[in-house]
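# Summary of the model geometry
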Amino acid sequence: MPPVFNPRMANDPTGDPALFVPFFYEKRALIFDAGEISTLSPRDILKISHVFITHTHMDHFIGFDRILRICLGREKTLHVFGPEGFIQKVSSKLGAYTWNLVHNYENPLVMRVTETRPDRLVSCRFDCRNRFEASRPEYEAFPFPVLYHEPGFTVEAAILDHDTACLGFALKERLSINIRKEALDEMGLIPGPWLYELKQALYADMNPETRFEIPDSFCRDSGPVEFRLCELSDRLAILTRGKKIAYITDAAFNRQNVEKIMQLAQNADHLFIEAAFLEKDKDIAARKKHLTAAQAGRIAAEAGAKRYTLFHFSPRYSGCYEELEKEAAESFRLNEPLLRQTLPGA
Ligand SMILES: [Zn+2]
Ligand SMILES: [Zn+2]
């Protein structure tokens, strides 16, 4: 069985950044950045429960409107995270529209918006029944680096320098639960949503004696059948370290950023990392506070990422985008130490 998450970039590497992360066996997804996301169907967008925005440059945030447009009229709470100043940005976006009718909607959309400050998290609710006026802010400690957690996973964040605060993210599955297919067959059970519920019970460390019912439509013979959680776990599940995905974009190549990226991306199973420029244009990359492909490859190697995906290619390389892939692959292969102490400070 695959891990809980199934990440994919919404666009090719020349398009706007947006990493869509649907869950297996659940109509639910996370999204990291929301650039132009017309490639995502309304069905996909309706799965989104949590939105994590690195920063509000247009190419990372314009898709927020599409999410809002599609979710409006649905009974849903959307959790949206961003960097310092984010509540004001969301407020301004919402303030651009006329909301004279939405308070009557039968299915109210609520957004809980959280901005990440170095020392704390600040959240406001925007409820359509209240014409999306911001509620009074709530403050809580930022248990760095954990920005958000559930029994099955955590999202960690670091505040990177992009000449503005830009968040880097890591999504960590708590543990990987693989199901032994042959054991399913032996027990006469058919895979289905109940496997997701089983995983959730294991993530939540539920009492092993808890009775767990499998609906008859997923039993080959007669059903429904009931097991103790520990029995199902022993017979069906193989527990291993959870998968880790890191998402890094729009970061200057300096010592502080590299230290923070290294922590987020350490031993990632899959690192999604920007590669905006070629190394020959590293001065432009430095001015614009972006990474080059060679820098992305070195970071991926030194972090011990098992695989990486590049994105956010500058259009200046139109017709020769493969150069960016080649350059990153070469520096990933060489795995030269980053010599962080010699990197420029922020
Ligand atoms: Zn940017
Ligand atoms: Zn960008």
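Scroll up to find the structure.
Since the model is a prediction, treat every value here as computed from it, not as a measurement. (Residues numbered from 1 in each chain as written. Chains lettered and ligands numbered in written order. Predicted model: local features only at pLDDT ≥ 70, side-chain atom pairs only at ≥ 80, totals over all residues. Heavy atoms only, no water.)

### A short note on the coordination of the zinc ion (ligand 2)
- The protein atoms donating to the zinc ion (ligand 2) are Asp59 (OD), His60 (NE2), Asp250 (OD) and His312 (NE2), with metal-donor distances spanning 2.1 to 2.6 Å.
- Here the zinc ion (ligand 2) is ringed by 4 donor atoms whose angles at the metal span 83 to 162°, and the overall shape comes out irregular.
- Sequence spacing among the residues donating to the zinc ion (ligand 2) works out to D-H-x189-D-x61-H.
- Between the zinc ion (ligand 2) and the zinc ion (ligand 1), a separation of 3.5 Å is found, and both are coordinated by Asp250. Taken together, the positions of His60 in helix α2 (residues 58-61) and His312 in the loop between β18 (308-311) and α11 (322-334) put the pair 252 residues apart, joining distant regions of the chain.
- Take His312: its relative accessible area is 12%, and that puts it in the buried class. (Donors = N, O, S within 2.8 Å, 3.2 Å for Na, K, Ca; no water. Tetrahedral: all angles 85-135°; square planar, octahedral: opposite > 155°, others 65-115°. Helix = DSSP H or I, 4+ residues; strand = E, 2+ residues; numbered from the N terminus. Buried < 20%, exposed > 50% of the residue type's maximum accessible area, 1.4 Å probe, protein only.)

### Some thoughts on the packing of helix α8 (residues 255-265) against helix α10 (residues 293-303)
- Two elements in contact, α8 and α10, have axes whose closest approach is 9 Å; the angle formed by their N-to-C orientations is 50°. In terms of axis orientation, α8 runs oblique to α10. As for the relative orientation of α8 and α10, their crossing is right-handed in sense. In contact with Val258, Ile261, Met262 and Ala265 of α8, α10 contributes Ile299, Glu302 and Ala303. (Axes fitted to C-alpha atoms, helices over the stretch in contact; angles between N-to-C directions. Parallel < 35°, antiparallel > 145°, perpendicular 65-115°, else oblique. Left-handed = near helix turned anticlockwise from the far one by under 90°. Contact = heavy atoms within 4.5 Å.)

### Brief notes about the coordination of the zinc ion (ligand 1)
- Within the protein, the atoms that donate to the zinc ion (ligand 1) are His55 (NE2), His57 (ND1), His162 (NE2) and Asp250 (OD), at distances of 2.1 to 2.3 Å.
- Note that the zinc ion (ligand 1) binds 4 donor atoms; their angles at the metal cover 90 to 172°, and the shape is irregular.
- Each donor residue of the zinc ion (ligand 1) belongs to the same chain, with the gaps between them written as H-x1-H-x104-H-x87-D.
- We classify His57 as partly exposed; its relative accessible area is 36%.

### What about the pairing of strand β5 (residues 76-83)?
- Counting buried positions along β5 yields 6 of 8 residues, so the element is predominantly enclosed.
- Sheet analysis places strand β4 (residues 48-52) next to β5, joined by 3 bridges and oriented parallel. Bridge pairing in β5 places Phe52 opposite Phe81.
- Where β5 and strand β6 (residues 109-116) come together, 8 bridges link them in parallel fashion. For His79, the partnering residue across the bridge sits in β6 and is Arg112.
- You can see the chain leave β5, run along helix α4 (residues 86-95) and come back into β6, and the turn it takes is right-handed. (Pairing = 2+ DSSP bridges. Right-handed = clockwise from strand over helix to strand, strands pointing away.)

### What about the sheet that holds strand β10 (residues 153-161)?
- Pairing is mixed in the open sheet, where 6 strands are placed in the order β9-β10-β11-β16-β17-β18. A single partner strand is all that each edge strand has here, and the edge strands are β9 (146-150) and β18. Mean inter-strand twist for the sheet, computed between neighbouring axes without regard to direction, equals 15°.
- Across 9 bridges, β10 lies against strand β11 (residues 165-173) in antiparallel orientation. Paired with Ala158 across the bridge in β11 is Gly168.

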